[in-house]
Amino acid sequence: MAMEALQAACNGKHLYEPVLARIVEITDETPDVKTFTLELECGAIEYRPGQFAEVSVFGVGEAPFGISSSPTWTKRTGYIQVTVRAVGRVTGALHQLNVGDYVGVRAPLGNGFPVERAEGKRVIIVGGGIGLPPLRSLLNYMLDNRERFGKITLLYGARTPADRVYKRELDEWERRDDLEYLDTVDIADEEWQRLGKRVGVVTTLFPIIDEQSPIDPPNTIAFICGPPIMIHFVIIELEKRNVPDENIISTLERHMKCGVGKCGHCAIGHKYVCTDGPVFSWAEMKELEWMCAEPTV
Amino acid sequence: MSGASAEIRAMVLRKERLNDLLWSIEGQLAAPIRLEHGEVHFAVNPPIEQILQDSDYVNSTISPVALLFPQTEILFNFKLNGKPQIEFPKEPQPLTIFGIRSCDVAAMRYLEMFFSRKFIDTPFMERASRTTLISIACQRPGSSCFCPCCAGGPFLEEGHDIQLTDFGDIFLVEVGSHKGAQFADGRMEFFEPAPCELIERRNRVAEETLQKFQIASHMGTGVRKLTSRSVSEELWNMMAARCIECGGCAFVCPLCTCFDVVDHKLPPDGDGAARGWRERCWDCCQFAGYSIEAAGVNPRPNKVSRFKRRFYHKLSYFYMEMDGRVGCVGCGRCIQVCFGVVDMPAVVNTLREEKLLGVRLR
Amino acid sequence: MVSARTTCGFCGCGCGLYVLSDGDGVIGVIPSEADVVGEGRLCIRGWHIYQPLRDTDRILRAIVSLNGSKREADYKDAVSRAAEALKKFSPNQIGIIASATGTNEDAYIATKFARAVIGTNNIDFPGRPRLMPTLMQLGSVDEGISMPCTLNELADADLLFCIGIGASTRYPQVTARIFKSVVEMKHLLLIDTWHSDFAPYASLHISPKPFSDAVLLRALAGILDSAVKVPFSDDEVSSITGVSSEQLRAMGDLLLGGKRLAAVYDTASLMHMCSPHCVRELLVLIRALRGRGIEWCGILPMVERCNSNGALRMGIAPMLLPGLKSITDGEAVRRACSIWGIDGLPQVMGMSTSQMLSAAVSGDLKALIIIGDDLLTDVPDEQRLRDALSKVELLIAISSYHSPLTEAARFVFPRSIWGETVGTLVNTEGRMRRLIRVAEPHGDAMQEWQVLCDLATALGFKMSYSSSDEVLDELKRFVPEYSDIELDEVGKGTCLLREKPACAPENITHEEIAIPELPSPSDEFPLLLLVERYYLPWHADTLALHSSTLRREFRLRFTPYVFVNSAQGHSFGLRDGMPALLKTPQGSARVTSVFNDAVPAGIAILPEMFFAQLRQAVGQERVDELTGATIYPVTVAALERAR
């Protein structure tokens, strides 16, 4: 073990110390999803799309969330955003908080999306339900650096229209002409039907892009985030269209606790989702599945 | 390993000087003593006369690495009244662990590597950086020891700070690291030069000790069988059936590092401030709730998947490649705590023989 | 810092362990390798028993509810107010529901408080009915049969006979002995509805029809000893039990192959040994085996809580005095009068827990003292509890945690928890175990014996002991069989209680064997729905919910669920954990279907915990007159996907 590491342990910042962050805005996305805009006491941080933050409600606990704002936005405003669905103790407590309250933040953590690899390529972003936040970070980053990327397609599926997050932004994206935007819901409501919008799972959007803007496999990179079952079927669609395994990029969901590869909860085989991921290519996932004899998605 | 470049030196310590040497230690001294009913435990600052002699004990119930990674420890305290205030526990005192066994030294070196890989785990590494190990090489292995199978002893050729070998009225003292050298340099008055034949005797004793082990665990075969996935599901199912998910094997394993993090909050005091703390406590991958996600999905929903996970971590080649060692030092503690005789040697043996003890042909 | 050796307070095993502390409090445990029970092993509960001591959610002060508002009160003030309130009622209007999680000393003082201070036999603990079938037979156990036998005698047996022991996690130290034995290639005969993790290791596993154990055991005894009368034909036996004559003979052959036989059963299994007939029939079988050359026989009844055995022995039962003496035993009554300094004891049989709850509703019982919260898990019927508790005029709760019990109470006294208490326990083997204080009590919390002494004194009956040891001294004078108990021996684990109970099986005739009446499944309702006590792999009290790790393991499901095996579940179009509709001839209810391949085909198992919520669909339970235990209905059922 290197002496420097020992020294650093004694002089550096405590690994589990959260930075205090003030809630400056809370946006209701759906009845059980809120976006929190946070002002970190340490000032703006640099991060990559797809990295995550461990957010603490003191006295309740800490939970990981993909950062939903883009690094470019953070550079402009100094804030970061996380989008939280109330499902457990910590998320439930977060939803009880108000503007002006403090939380703790440890960020950025995880590897983030390999955005450089997408430069010059056709980009396909596929999001499902509450899987959109990290992809929003990625998409906004790409839109802010539009010239570096080829054609960008966003496919978004949700269970119902009410479950769609970032509704205002979705409308903006739909109107943009430098972005191909397609969305669908599993179960439509009246409004959705009246507008004649698409109904079906997200994979039903692939035949549409086959017509509108066919995929050129080696020159295409796809980013997927959503429930495991959706990831599974989207990968099948991409494989059918010969997108190379290493260009199919997804995030894996596991129970992350410490966020720094120590507590062990998120391990799959010998990889830690929190430090080796949460972003993996399908090639990496397949290799990992073989190595640890357990499924990744 | 820390200070691997340090000059390897050997000296002699007369046993009658041992107590004085122990008294000369600044900070905390941890050493093996017997508890009320005879169990061995590494106590902090025990009465020196209670410290066990080499021939008096095999090893402790709980590994002394728990002094650096205890079952529960407070990460920080907080006070909530408007803006939260965070306060960290005070820095640890220097610690010397006397009488630690080779397997636990090997474990400690692994833990230092693990807790400083990519990110430095502050609580552990703050303690580790201030800890010196004075180990005693084992000449009387216990009935459940199998360290020679896992590069965990009984004599250490590397990784030790100071290694003692008991030769009746003297100890052979081997310095193996910078920290060990620092310890010895400050206390030269206790030591005498070691005659060459003593080193030869040590090597001979180390050889002879290998013959005294009662069990073996063929780790290499275990690693190969497991990594090549040539173990039948049926065999995994039968092994997992004997696991009661007590967590004991992980809690006594000196290489197991999993922990859970929990917040506690007291009701507000008179000044309206609520105080609380965040702590971590040992966790175990055999527990059903260990990998359950916030939304309730459990990627390892059944016992056999969790059982496999444990042994993939301990025995998979991919882990070995990353960690530099197999995930076991052969201390044998899991044998003592296991309710179903599916401890490490039992599992490795099952992988090797493709047959589990206790299964009848019907 | 390491404590003196103490005993885990979760289940009836009572494993020895040490508690580790630092400046901030308790931080962990060390299993005791030298302990005769644990031998250095702890289960998930034992490893985490220190955690409730770090938990901050506790009742810290006495709480008095006055004119509709609840407030914290000075302890002494609360005691005198509670005593004043108690004085208004006659002895038979007062009842005490105590706990099997307190110490022997706590239980002894509770008995004394009921009998000598209040003057009532209305004292019970909710888990007691489950021990009655065993207790009723204990008096008639022959010389030469060890009952209860010890865990190590179990390990030394060459043939293990396990009846209805359920999941391997329930009694871990028994599990350890069983697995050690199978690894040594000893024989295991398993009678269990569950295809548990023991099943693949059994030399023979028989999964008889529910509630047919008594018939099965009698038939088996008949095979081994022609003097034993079997009032059924072979065909009747196989149709009642579902076990063929060949299987019966194979069981007989297996039993005769051993020299040392140890029988183990779970006193809490509702499907197996819950009736006095079953335990009696087990003894009939063991006697038959004794005549066939078996050298040694032991029987180990497993009990759920850390001090179920102690609570019973100390007289927390409507019909018992300390030492398992009857309330009508002249010698015991005389001794009670002389030691307690009173003129006489109440001679009227007291009410059981269930009777007290009913009497509270009917208004016959007006004041209730509830110690601990065994009720929450042993009478898992929140509505019934709320009904009863809201009707009593005076409710005094001695409790560690906020619950529906304390919510309804006029007076709440904070109770200390494991690790704060001092005293002795009696484990499943009848072995005395020692509890050591390893942490200072939170707030004003104290043991119930202390609160009861203060209440007694405030009621004008002076009761005062300097320590729990002094209580034990009085107990030793009270029960001659306990006179040689030495704390030192208790600490070493060498003190076994083997007193003969006064409670004889008067009401069971030898000929009577209950034949289970089960409804017949049909195409419409292909399942037999059984209520079983298992709610989680471990039985545990509220203490476990105050350990962060155990709470996480528990959090799994709090909504009603039924277990079915996965093949059966799939046949209904269900997936594991999916909402389902449970349909019975009486009605239907929403449940979660949980797949568990330990459940045999054709059976669905409803954990007792959720019975009350599904009563409409399942049927009405009744109380067994002999034991006071709840007998749940059996119904046919079907599951379908919930819309």
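The rules behind the values
Residues numbered from 1 in each chain as written. Chains lettered and ligands numbered in written order. Predicted model: local features only at pLDDT ≥ 70, side-chain atom pairs only at ≥ 80, totals over all residues. Helix = DSSP H or I, 4+ residues; strand = E, 2+ residues; numbered from the N terminus. Rg over C-alpha atoms; globule rule 2.2 N^0.38 Å. Contact = placed C-beta atoms within 7 Å. Domains from an automatic or database assignment. Nonpolar A, V, L, I, M, F, W, Y, C, P; charged D, E, K, R; others polar. Pairing = 2+ DSSP bridges. pLDDT = per-residue confidence, 0-100. Expected span 1.5 Å × (residues − 1). Buried ≥ 20, exposed ≤ 12 C-beta atoms within 10 Å, placed from the backbone. Axes fitted to C-alpha atoms, helices over the stretch in contact; angles between N-to-C directions. Parallel < 35°, antiparallel > 145°, perpendicular 65-115°, else oblique. Left-handed = near helix turned anticlockwise from the far one by under 90°.

Participant: Explain the overall build of chain B to me, please; I cannot follow it from the model alone.
Facilitator: Within chain B one finds twelve helices and twelve strands. Relative to the globule expectation of 21 Å for 362 residues, the C-alpha radius of gyration of chain B, 22 Å, shows essentially globular dimensions. For chain B, the spread of C-alpha atoms along the principal axes amounts to about 70 × 65 × 40 Å. If you take every contact in chain B between residues at least 6 apart in sequence, the share linking residues at least 24 apart comes to 71%.

Participant: Explanation requested: the domain arrangement of chain A in the structure shown.
Facilitator: Residues and elements named next belong to chain A. Once the domains are mapped, chain A shows domain 1 (14-109) and domain 2 (115-251). Inter-centroid distance (C-alpha atoms) of domain 1 to domain 2 is 24 Å. Between domain 1 and domain 2, the residue contacts involve 16 residues of the former and 15 residues of the latter. Secondary-structure elements contributing two or more residues to the side of domain 1 that touches domain 2 are β1 (19-30), α2 (71-77) and β5 (79-85). Per element, the largest residue contribution to the side of domain 1 that touches domain 2 is three residues, and it comes from α2. Along the lines of polarity and charge, the residues of the side of domain 1 that touches domain 2 split into five nonpolar, eight polar and three charged.

Participant: Looking at this model, I keep getting lost on the pairing of strand β19 (residues 423-426) of chain C. Mind explaining?
Facilitator: Along any regular strand, the residues point their side chains to alternate faces of the sheet. Residues and elements named next belong to chain C. As defined by bridge partners, β19 adjoins strand β20 (residues 432-435) across four bridges and the pair is classed as antiparallel. Its bridge partner lying in β20, Val-426 is registered against Met-432. Remark: five residues form the turn of the hairpin made by β19 and β20, two consecutive strands paired antiparallel; Gly-430 in that turn has positive phi of roughly 80°.

Participant: I would appreciate a short explanation of the confidence of the model for chain A in the present structure.
Facilitator: Parts of the model with low pLDDT should not have their predicted coordinates read in detail. Of all residues in chain A, 96% attain a pLDDT of 70 or more, and the chain-wide mean is 91. Considering only residues more than four positions removed or in separate chains, one finds that residues 1-11 of chain A, a stretch of pLDDT under 50, has 21 contacts.

Participant: How should I be thinking about helix α2 (residues 102-116) of chain B in this particular structure?
Facilitator: Helical periodicity: at 3.6 residues per turn, an α-helix aligns residues three or four positions apart in one direction. Residue and element names in this part refer to chain B. Under the 1.5 Å per step criterion, the end-to-end length of α2 is 21 Å for 15 residues, consistent within 8% with the ideal 21 Å. Most of α2 is tucked away: 13 of the 15 residues are buried. Two residues or fewer after α2 comes Lys-118, characterised by a positive phi angle close to 60°.

Participant: Looking at this model, I keep getting lost on the interface of chain B and chain C. Mind explaining?
Facilitator: When the parts of a complex come together, some accessible area is lost, and that lost area is often taken as the interface size. Across the contact, 41 residues belong to chain B and 39 residues belong to chain C. Top element by residues in the side of chain B that touches chain C is strand β11 (residues 259-265) of chain B. It accounts for four residues.

Participant: Would you explain the sheet that holds strand β3 (residues 40-44) of chain B in this entry?
Facilitator: Whether parallel or antiparallel, the strands of a sheet pair through hydrogen bonds between backbone atoms. Residues and elements named next belong to chain B. One open sheet holds the eight strands; their spatial order is β3-β2-β6-β7-β8-β9-β1-β10, and the pairing between them is mixed. Here the strands that pair on one side only, and so sit at the sheet edges, are β3 and β10 (191-193). Each neighbouring strand pair of the sheet contributes to a mean axis angle of 30°, computed without reference to strand direction. Note: strand β2 (residues 28-34) against strand β6 (residues 95-100), three bridges, orientation parallel. Each bridged residue has a counterpart across the sheet, and for Ala-30 the counterpart in β6 is Ile-97. Taken strand by strand, α2 contacts β6 and β7 (131-136), and its axis lies near 150° from that of β7.

Participant: Is there a simple way to explain the packing of helix α3 (residues 104-118) of chain C against helix α18 (residues 468-478) of chain C in this structure?
Facilitator: If you want to describe how two helices pack, look at the angle between their axes and the distance between the axes. Residues and elements named next belong to chain C. At a minimum axis distance of 9 Å, the contact between α3 and α18 shows a crossing angle of 60°. On the basis of their axis angle, the class for α3 and α18 is oblique. Of the two elements, α3 crosses α18, and the hand of that crossing is left-handed. For the pair α3 and α18, the contacting residues are Asn-104, Glu-105, Tyr-108 and Ile-109 in the first and Ser-468, Val-471, Leu-472 and Leu-475 in the second. Class assignment of the residues belonging to the contact of α3 with α18 gives a composition of five nonpolar, two polar and one charged.

Participant: What exactly am I supposed to notice about unusual backbone geometry here?
Facilitator: Trans is the prevailing form of peptide bonds, just as negative phi is the prevailing case for residues other than glycine. The omega torsion across Gly153(B) and Pro154(B) is 5°, close enough to zero to call that bond cis. By the secondary structure assignment, Pro154(B) is in the loop between β7 and β8 (162-167). The residue after Met147(C), namely Pro148(C), is reached through a cis peptide bond having omega -5°. Summarising the element assignment, Pro148(C) is placed in the loop between β8 (145-146) and α5 (151-156). For Asn45(B), which is not a glycine, the phi torsion comes out positive at approximately 50°. Asn45(B) gets classed as exposed once you count the C-beta atoms within 10 Å, which come to 11. For Arg229(B), which is not a glycine, the phi torsion comes out positive at approximately 55°. Here Arg229(B) lies in the loop between α6 (219-227) and α7 (233-241). The exposed category is assigned to Arg229(B), around which 11 C-beta atoms lie within 10 Å.

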